[in-house]
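Chain by chain, the residues:
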Amino acid sequence: MRQRIEVAREAILSAGSLIRETFGREISGQVEEKDRNDFVTQSDRLSEKMISETLLRAFPEIGILGEENAERMDDDEYWIIDPLDGTTNFIHGYPSIGLSVALVRESEVVLGLVFDPLREELFEASRGCGAFCNKRKIHVSGAGSLQESLLGTGFPFKAQQHLESYIESFKELFSSCRGVRRAGAAVLDLSHVAAGRLDGFWELHLKPWDMAAGALLVREAGGLVTDLFGGSSFLSAGNIVAGNRSIHGKMLETTERVFDREKVADLACDLIDM
Ligand code: IPD
Ligand code: CA
Ligand code: CA
């Protein structure tokens, strides 16, 4: 495992330097719209190429599920990469972006790295060994009630059929807590839950690469991660609730009531079986 961590670290840090160098520069001619409100830039592609090449050079036998090259993955062991999380932020020069690399082994995420290239924070977790930010151990917060919590979320801008129920969940959670932040990079939101900067986070319509590494970070930092209904298959369900042990349960009381399990089943992703 040590070799895998070291190579993944080298890959994410060098791709992160590239992203940092291009951040804030004029990139309008390099933006493509994959789907409504879903963008990709040359930097996303280059970052994924750099990370994949580094991983493949060291471990040619381990498969790769990358956002910009997404194909169903059934291998026993494979990497999941988000080469640039927060692409819309990146395009607008809004300083909230991250990179994410996770390793799955026998249907479990065993390694997760998230890099914030602008703050130069590297979050790392391996299963059973705790979570770290720049090598210092991190923990979820100790908040015991929503009234003392700061929550994070993401808006369902690509799944507006769920806007009404999402707004219902927002209304309830927003009116019970201290505040809600929406910074636009799910991998960072989850890392901030792991570091105790946010007490909880919820979002729907995410993909495995938005959640895999960050979810391991939260769990290894002592928190809980499930789908909107408390189930463990959030990576393929495409929706997530994460938080410290008490806040997670309190958030679920809202999400379980407000969302309809059958309706949100349209967000499921069949690229992985987890
Ligand atoms: C997006 C970000 C954003 C979340 C979106 C994701 P991308 O990832 O994580 O915070 O709200 O749903 O798709 O496309 O910038 O890698
Ligand atoms: Ca993403
Ligand atoms: Ca991305």
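Structure report, in brief. Worth saying up front: this structure is predicted, and the values here are computed from it rather than measured.

### Examining the coordination of the calcium ion (ligand 3)
- The protein atoms that coordinate the calcium ion (ligand 3) are Glu67 (OE), Asp82 (OD) and Leu84 (O), at distances of 2.1 to 2.4 Å.
- Counting along the primary sequence, the residues that act as donors to the calcium ion (ligand 3) give the motif E-x14-D-x1-L.
- A gap of 3.7 Å separates the calcium ion (ligand 3) and the calcium ion (ligand 2), which Asp82 links by coordinating each metal. Highlighted residues: Glu67 in the loop between β3 (63-66) and β4 (77-85) and Leu84 in strand β4, separated in sequence by 17 residues. The residues Glu67 and Leu84 share a single accessibility class, namely buried.

### A word on the nonpolar core
- The biggest cluster of nonpolar side chains holds 42 residues, and the ones touching the most others in it are Leu65, Tyr78, Ile80, Val109, Val218, Leu235 and Ile240.
- The element that contributes the greatest number of residues to this core is helix α6 (residues 208-220), accounting for eight residues.
- Looking at this core, you find at least three residues from each of domain 1 (2-138) and domain 2 (146-267).
- Beyond its immediate sequence surroundings of up to four residues, Val218 is in contact with Val140, Leu190, Val193, Ala194, Gly223, Leu224, Val225, Ala242 and Gly243.
- By size, the runner-up hydrophobic cluster in this structure holds 27 residues, among which are Ile5, Ile19, Ile97 and Phe115.

### Description of the site of ligand 1
- Around ligand 1 there are 16 residues in total, and Asp85, Gly86, Thr87, Lys158 and Glu203 lie nearest to it.
- In the environment of ligand 1, an oxygen atom lies 2.7 Å from a nitrogen or oxygen atom belonging to the side chain of Asp85.
- A distance of 2.8 Å separates an oxygen atom of ligand 1 from a polar side-chain atom of Lys158.
- Across the complex, the protein chains shield 95% of the 370 Å² of accessible surface that ligand 1 would expose by itself.
- Here ligand 1 occupies the largest pocket.
- Sort the elements by how many residues they give to the shell around ligand 1 and β4 lands first, with three residues.
- Domain assignment of the residues forming the shell around ligand 1 places at least three in each of domain 1 (2-138) and domain 2 (146-267).

### Focus on the pairing of strand β2 (residues 38-41)
- Where strand β1 (residues 31-35) lies against β2, four bridges are found, and the strand directions are antiparallel. Bridging across to β2, Glu32 finds its partner in Val40.
- The antiparallel pairing of β1 with β2 creates a hairpin that spans two residues between the two strands, and Asn37 there sits at a positive phi of about 65°.

Conventions and cut-offs
Residues numbered from 1 in each chain as written. Chains lettered and ligands numbered in written order. Predicted model: local features only at pLDDT ≥ 70, side-chain atom pairs only at ≥ 80, totals over all residues. Heavy atoms only, no water. Donors = N, O, S within 2.8 Å, 3.2 Å for Na, K, Ca; no water. Helix = DSSP H or I, 4+ residues; strand = E, 2+ residues; numbered from the N terminus. Buried < 20%, exposed > 50% of the residue type's maximum accessible area, 1.4 Å probe, protein only. Core = buried A, V, L, I, M, F, W, Y, C linked by side-chain atoms within 4.5 Å. Domains from an automatic or database assignment. Contact = heavy atoms within 4.5 Å. Near = heavy atom within 4 Å. Polar contact = N/O pair within 3.5 Å; in protein donor to acceptor, adjacent residues only side chain to side chain. Areas by Shrake-Rupley, 256 points an atom, 1.4 Å probe, with all protein chains shown as cover. 1 Å grid on protein atoms, 1.4 Å probe; cavity = no way out; pocket = protein on both sides within 12 Å on 5 of 7 lines; lining within 4 Å. Sits in = over half its atoms within 2 Å of the grid points. Pairing = 2+ DSSP bridges.

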